[in-house]
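An overview of the molecular structure
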Amino acid sequence: MDIKILLQFKNQLIKTGNILKEKIKELSKVPEFGEDVSADDEESNETEEFGNQLSVAQNYKEQLAEIDNALKKIESKEYGICEKCGEEISLDVLEVAPESRLCKKCKKLS
Ligand SMILES: [Zn+2]
């Protein structure tokens, strides 16, 4: 792969990773529950909301792990190679999702 293109993907991965880290930090904050204990309904809504927040954060963490994996592969010069069949992943796939592990063909099969 052309080094310029590789660096472009690397920058993109780092940038997306940083955005995800920020979002995870935001979402992991425990919300301040109102001190008005009498408002039971409101409090249970807030707890539920925090639960949703954590599942979104979990989602972001998984995306972040994919990005870290791709960055490691850039370091070890294995980036852009399909993990299943060993073929090169086409650029149009990487442009949409630079953290892709599989080529178009294997992605369809999985
Ligand atoms: Zn493949």
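To start, this report covers the structure provided alongside it. As the structure is a prediction and not an experimental result, all values here were calculated from the model.

1. Describing the overall build of the protein chain
On a plain count of helices and strands, the protein chain comes out with four helices and zero strands. Its helices and strands taken in sequence order, the protein chain reads α-α-α-α from the N to the C terminus. Oriented by its inertia axes, the alpha-carbon framework of the protein chain measures out at about 60 × 30 × 20 Å. Residues classed as buried in the protein chain amount to 11% of the 110 residues present. Within the protein chain, contacts between residues separated by at least 24 positions form 51% of all contacts whose residues are at least 6 apart in sequence.

2. Considerations on the nonpolar core
Phe9, Leu13, Ile67, Ala70, Ile89, Leu94 and Cys103 together form the largest nonpolar core, which totals seven residues. At the level of elements, α1 (3-28) and α2 (40-75) are the ones that each hand at least two residues to this core. Aside from chain neighbours lying at most four places away, what touches leucine 13 is Ile67, Ala70, Leu71, Pro98 and Glu99.

3. Some points on unusual backbone geometry
Despite not being glycine, lysine 77 has its phi angle at roughly 60°, a positive value. In this fold, lysine 77 is placed in the loop between α2 and α3 (91-96).

4. Brief notes about the environment of leucine 54
Relative to the helices and strands, leucine 54 resides in helix α2. For leucine 54 and lysine 29, which are 25 residues apart along the polypeptide, the C-alpha to C-alpha distance reads 9.4 Å.

Cut-offs used in this document
- Residues numbered from 1 in each chain as written.
- Predicted model: local features only at pLDDT ≥ 70, side-chain atom pairs only at ≥ 80, totals over all residues.
- Helix = DSSP H or I, 4+ residues; strand = E, 2+ residues; numbered from the N terminus.
- Buried ≥ 20, exposed ≤ 12 C-beta atoms within 10 Å, placed from the backbone.
- Contact = placed C-beta atoms within 7 Å.
- Core = buried A, V, L, I, M, F, W, Y, C linked by C-beta atoms within 7 Å.

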